[in-house]
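Survey of secondary and tertiary structure
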Amino acid sequence: EQDVAEYRKSLAIRVSGFDVPKPIKTFEDCGFSPQLMAAIKKQGYEKPTPIQCQALPIVLSGMDIIGIAKTGSGKTAAFVLPMIVHIMDQPELQKEEGPIGVICAPTRELAHQIYLETKKFAKPHGLRVSAVYGGMSKLDQFKELKAGCEIVVATPGRLIDMLKMKALTLSRTTYLVLDEADRMFDLGFEPQIRSIVGQIRPDRQTLLFSATMPRKIEKLAREILTDPTRVTVGEVGM
Ligand code: ADP
Ligand code: MG
């Protein structure tokens, strides 16, 4: 216990919540598949960043999480890697339709970055990733979604458009990520986020990441996450 506290302190990690798994030291500690380990190495990631050290074991254990760490700290892999594990754990993957993992980000540029990183980890397992944000015609997007996918990376507005067009349903979704939650709020996406969350089964796993944690995000998080563990790396603004 003392060792765990010391190790967290050395990484500037603070946690709150019950029975928080201890932070890992290497990617090998996560029990990832050989395909995933190869993809991690191919990306040039030698060891996990501090947010990854603490978030990976929490998310892999199935818990909801609020992750707060500054830009550039490696939050994407912290939610994408466990998502691949979560999806590969589903029995009879091909029997139903609609994404199992849904990632929402505030802007097309951010969503695109996440899309590119997600594809690198999804591909070795043959999982299909669809991009649902501006830049592609709605008709092409509609057709792509109709063809099926396991993962959607989206901006809230375009995802709502696609849901309205019945290009997809979220009935199979069990893993939801809200990335850059503070910026989604600043851009006025709260109603869209609530609408999307309302279409996803309540026993989903929910992850919320943010660079800052103002009160209004804290409140939203309390409403849509279940007993979340909170992880903060470094000093964080409100
Ligand atoms: P954030 O979402 O916290 O702003 P990103 O997930 O975009 O951070 O990661 C920032 C950069 O760090 C990216 O270029 C990413 O490829 C790289 N990165 C992520 N994890 C690792 C790691 N474990 N080792 C080395 N580089 C990493
Ligand atoms: Mg990010």
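Residues numbered from 1 in each chain as written. Chains lettered and ligands numbered in written order. Predicted model: local features only at pLDDT ≥ 70, side-chain atom pairs only at ≥ 80, totals over all residues. Heavy atoms only, no water.

Going by an unreviewed UniProt entry, the protein chain carries the name RNA helicase and comes from Aquilegia coerulea.

1. Focus: the overall build of the protein chain
Across its full length, the protein chain carries ten helices and eight strands. Expected size for 238 residues packed as a compact globule is a radius of gyration near 18 Å; at 17 Å, the protein chain falls within 12% of this value. With the principal axes as the frame, the protein chain shows a C-alpha extent of 55 × 40 × 30 Å. A burial count over the protein chain gives 53% of its 238 residues as buried. The long-range fraction of contacts in the protein chain, counting pairs at least 24 apart against all pairs at least 6 apart in sequence, stands at 71%. Roughly 11,400 Å² of accessible area belongs to the protein chain as shown, and the carbon and sulfur atoms make up 52% of that amount. Considering the protein chain, the positive charge centre built from 32 side chains and the negative charge centre built from 28 side chains are found 4 Å apart. (Helix = DSSP H or I, 4+ residues; strand = E, 2+ residues; numbered from the N terminus. Rg over C-alpha atoms; globule rule 2.2 N^0.38 Å. Buried < 20%, exposed > 50% of the residue type's maximum accessible area, 1.4 Å probe, protein only. Contact = heavy atoms within 4.5 Å. Areas by Shrake-Rupley, 256 points an atom, 1.4 Å probe, with all protein chains shown as cover. Lys, Arg positive; Asp, Glu negative; His and termini not counted. Charge placed at Lys NZ, Arg CZ, Asp CG, Glu CD.)

2. Description of the packing of helix H6 (residues 138-147) against helix H7 (residues 156-164)
Their axes nearest at 11 Å, the elements H6 and H7 cross at an angle of 70°. Here H6 lies roughly perpendicular to H7, going by the angle between them. Crossing of H6 against H7: the hand is right-handed. For the pair H6 and H7, contact is made by Lys 138, Gln 141, Phe 142 and Leu 145 and by Arg 158, Asp 161 and Met 162, respectively. (Axes fitted to C-alpha atoms, helices over the stretch in contact; angles between N-to-C directions. Parallel < 35°, antiparallel > 145°, perpendicular 65-115°, else oblique. Left-handed = near helix turned anticlockwise from the far one by under 90°.)

3. Details of the pairing of strand E7 (residues 205-210)
Buried residues dominate E7, accounting for six of its six residues. Every second residue of E7 is oriented toward a common face, with Gln 205, Leu 207 and Phe 209 on one face and Thr 206, Leu 208 and Ser 210 on the other, all of them buried. Summarising the sheet, strand E2 (residues 65-68) and E7 pair through four bridges and their orientation is parallel. Among the inter-strand pairings, Gly 67 is bridged to a residue of E7, identified as Phe 209. Looking at chain direction, strand E6 (residues 175-178) and E7 are connected through four bridges and run parallel. Across the sheet, the residue bridging to Tyr 175 is Gln 205, located in E7. (Pairing = 2+ DSSP bridges.)

4. Focus: the packing of aromatic side chains
Aromatic ring pairs are reported here in terms of the distance separating the ring centres and the angle at which the planes meet. Using the criterion set out here, one finds two aromatic pairs in the structure. Judged by centre distance (5.5 Å) and plane angle (45°), the rings of Phe 79 and Phe 209 are tilted. Separated by 130 residues along the polypeptide, Phe 79 in helix H4 (residues 75-88) and Phe 209 in strand E7 bring together distant segments of the chain. Overall, the relative accessible area of 0% leaves Phe 209 in the buried class. Relative to Tyr 133, the ring of Tyr 115 has its centre 6.5 Å away and its plane inclined at 75°; by these criteria the two rings are edge-to-face. Residue Tyr 115 is located in helix H5 (residues 108-122), and its partner Tyr 133 is located in the loop between strand E4 (129-132) and H6; the two are separated by 18 residues in the primary sequence. (Phe/Tyr/Trp six-rings, centres within 6.5 Å; stacked < 30°, edge-to-face > 60°.)

5. Observations concerning the nonpolar core
Across soluble globular proteins, nonpolar side chains have a tendency to be buried as a group. Judged by nonpolar contacts, the single largest core of 49 residues is most densely connected at Phe 32, Phe 79, Leu 81, Ile 84 and Ile 151. Here the element with the most residues in this core is H4; it accounts for eight residues. Look past the residues within four positions of Phe 79 in its chain and what remains in contact with it is Ile 103, Ile 114, Tyr 175, Val 177, Asp 179, Leu 207 and Phe 209. (Core = buried A, V, L, I, M, F, W, Y, C linked by side-chain atoms within 4.5 Å.)

6. Side note on the site of ligand 1
Taken together, 13 residues lie around ligand 1, and Tyr 45, Gln 52, Gly 72, Lys 75 and Thr 76 are the ones closest in. Here an oxygen atom of ligand 1 and a side-chain polar atom of Tyr 45 are 2.5 Å apart. In the model, a nitrogen atom of ligand 1 is placed 2.9 Å from a nitrogen or oxygen of the Lys 47 main chain. Taking 560 Å² as the accessible area of ligand 1 by itself, protein coverage stands at 68%. Residues of the shell around ligand 1, tallied by class, amount to three nonpolar, seven polar and three charged. (Near = heavy atom within 4 Å. Polar contact = N/O pair within 3.5 Å; in protein donor to acceptor, adjacent residues only side chain to side chain. Nonpolar A, V, L, I, M, F, W, Y, C, P; charged D, E, K, R; others polar.)

7. Details of the pattern of salt bridges
Under the counting rule described, the total for this entry stands at nine salt bridges. For Arg 194, the salt bridge identified is with Glu 190, shortest N-O distance 2.9 Å. On the criterion of helical spacing, the pair formed by Arg 194 and Glu 190 is a turn pair, its members being four residues apart in helix H9 (residues 190-198). For Glu 218, the salt bridge is made with Arg 230, and the minimal N-O distance between the two is 2.7 Å. Of this pair, Glu 218 sits in helix H10 (residues 215-224) while Arg 230 sits in strand E8 (residues 229-233); the two residues are twelve residues apart in sequence, bridging distant segments of the chain. (Salt bridge = Lys/Arg side-chain N within 4 Å of Asp/Glu carboxyl O.)

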